[in-house]
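As a plain string of letters, each chain reads:
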Amino acid sequence: MFLRKWLLLFASVLIVGCSSQPRHVSATLPLVQHKSEPAGKPIPAMYRSGLEDLNSTRLQHTRYQILLGPLYTSALGLDCRELVITESNQEPTSRVACSEKKQYDQQIRAWYLMPNIIQSSTSVKL
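Residues numbered from 1 in each chain as written. Predicted model: local features only at pLDDT ≥ 70, side-chain atom pairs only at ≥ 80, totals over all residues. Heavy atoms only, no water.

**Some words on the nonpolar core**
For step 1, the next point in the chain: In terms of nonpolar packing, the biggest core is built from ten residues, these being Ile-43, Tyr-47, Leu-51, Leu-59, Ile-66, Leu-68, Leu-83, Ile-85, Ala-97 and Trp-111.
For step 2, the next point in the chain: Those elements giving two or more residues to this core turn out to be β3 (64–68) and β5 (79–87). (Core = buried A, V, L, I, M, F, W, Y, C linked by side-chain atoms within 4.5 Å. Buried < 20%, exposed > 50% of the residue type's maximum accessible area, 1.4 Å probe, protein only. Helix = DSSP H or I, 4+ residues; strand = E, 2+ residues; numbered from the N terminus.)

So, in structure tokens, the structure goes:
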């Protein structure tokens, strides 16, 4: 009988405690600050219009021959182009240049030369 009263009291306290809503709390500071910083090195402004032009297939440079690949969207949502860079008497090097999404149609954005994920084909050994 005594045990039955305690169980009844415990069950009623449990039901009353679970039936009320928790108080509403508003956060004044975000848990994570959204900071979008480009991962690569900035490409000089004189090459921006050539990178923006979808019909452009090469960039003029005094030391390198630079061929441009088509524009594509990366997994991070950035607009990117492959650059095939050739210096005299050396093998071509493939790099990627990316910029942020356009805010408006005629915008000429800053472009960044992204770091290579794999340094060379010989760095992966199975």
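**Quick notes on the pattern of salt bridges**
For step 1, the next point in the chain: Here the structure, examined in full by the defined rule, presents four salt bridges.
For step 2, the next point in the chain: In this structure, Arg-109 engages Glu-52 in a salt bridge whose closest nitrogen and oxygen atoms are separated by 2.9 Å. Here Glu-52 lies in helix α2 (residues 48–52) and Arg-109 lies in the loop between β6 (93–99) and β7 (111–113), a separation of 57 residues in the sequence. Of the two residues examined, Arg-109 and Glu-52, each falls in the buried class.
For step 3, the next point in the chain: Between Glu-87 and Arg-63 there is a salt bridge, with the nearest N and O atoms lying 2.9 Å from each other. One end of the pair, Glu-87, is in strand β5; the other, Arg-63, is in the loop between β2 (58–59) and β3, and 24 residues separate them in sequence.
For step 4, the next point in the chain: Glu-87 sits in the partly exposed class, given a relative accessible area of 22%. (Salt bridge = Lys/Arg side-chain N within 4 Å of Asp/Glu carboxyl O.)

**Considering the layout of surface pockets**
For step 1, the next point in the chain: Considering only enclosed or pocket space, the largest pocket measures out at about 330 Å³ in volume.
For step 2, the next point in the chain: Lining the largest pocket are 17 residues, with His-61, Tyr-64, Ile-66, Ile-85 and Leu-113 sitting closest to its centre.
For step 3, the next point in the chain: Within the residue set of the lining of the largest pocket, elements represented by two or more residues are β3, β5 and β6.
For step 4, the next point in the chain: Per-element tally for the lining of the largest pocket: the top contributor is β5, with four residues. (1 Å grid on protein atoms, 1.4 Å probe; cavity = no way out; pocket = protein on both sides within 12 Å on 5 of 7 lines; lining within 4 Å. Points joined across faces, edges and corners; volume = space filled by probe spheres on them.)

**Describing the environment of Leu-54**
For step 1, the next point in the chain: Here Leu-54 shows up in the loop between α2 and β2.
For step 2, the next point in the chain: Among the residues examined, Leu-54 registers a relative accessible area of 60% and is labelled exposed.
For step 3, the next point in the chain: Along the sequence, Leu-54 and Leu-68 sit 14 residues apart, while their C-alpha atoms lie 9.5 Å from each other.
For step 4, the next point in the chain: When near neighbours in sequence (up to four residues on either side) are disregarded, Leu-54 contacts Leu-71 and Arg-81. (Contact = heavy atoms within 4.5 Å.)

**Quick notes on the pairing of β3**
For step 1, the next point in the chain: Bridge count for β2 against β3 is two bridges, and the pairing is antiparallel. Counterpart to Arg-58 in the pairing with β3 is Leu-67.
For step 2, the next point in the chain: Taking the residues between adjacent antiparallel strands as the criterion, β2 and β3 are bridged by four residues.
For step 3, the next point in the chain: One ladder, built from five bridges, connects β3 with β5; its direction is antiparallel. Counted as the bridge partner of Tyr-64 is Glu-87 from β5. (Pairing = 2+ DSSP bridges.)

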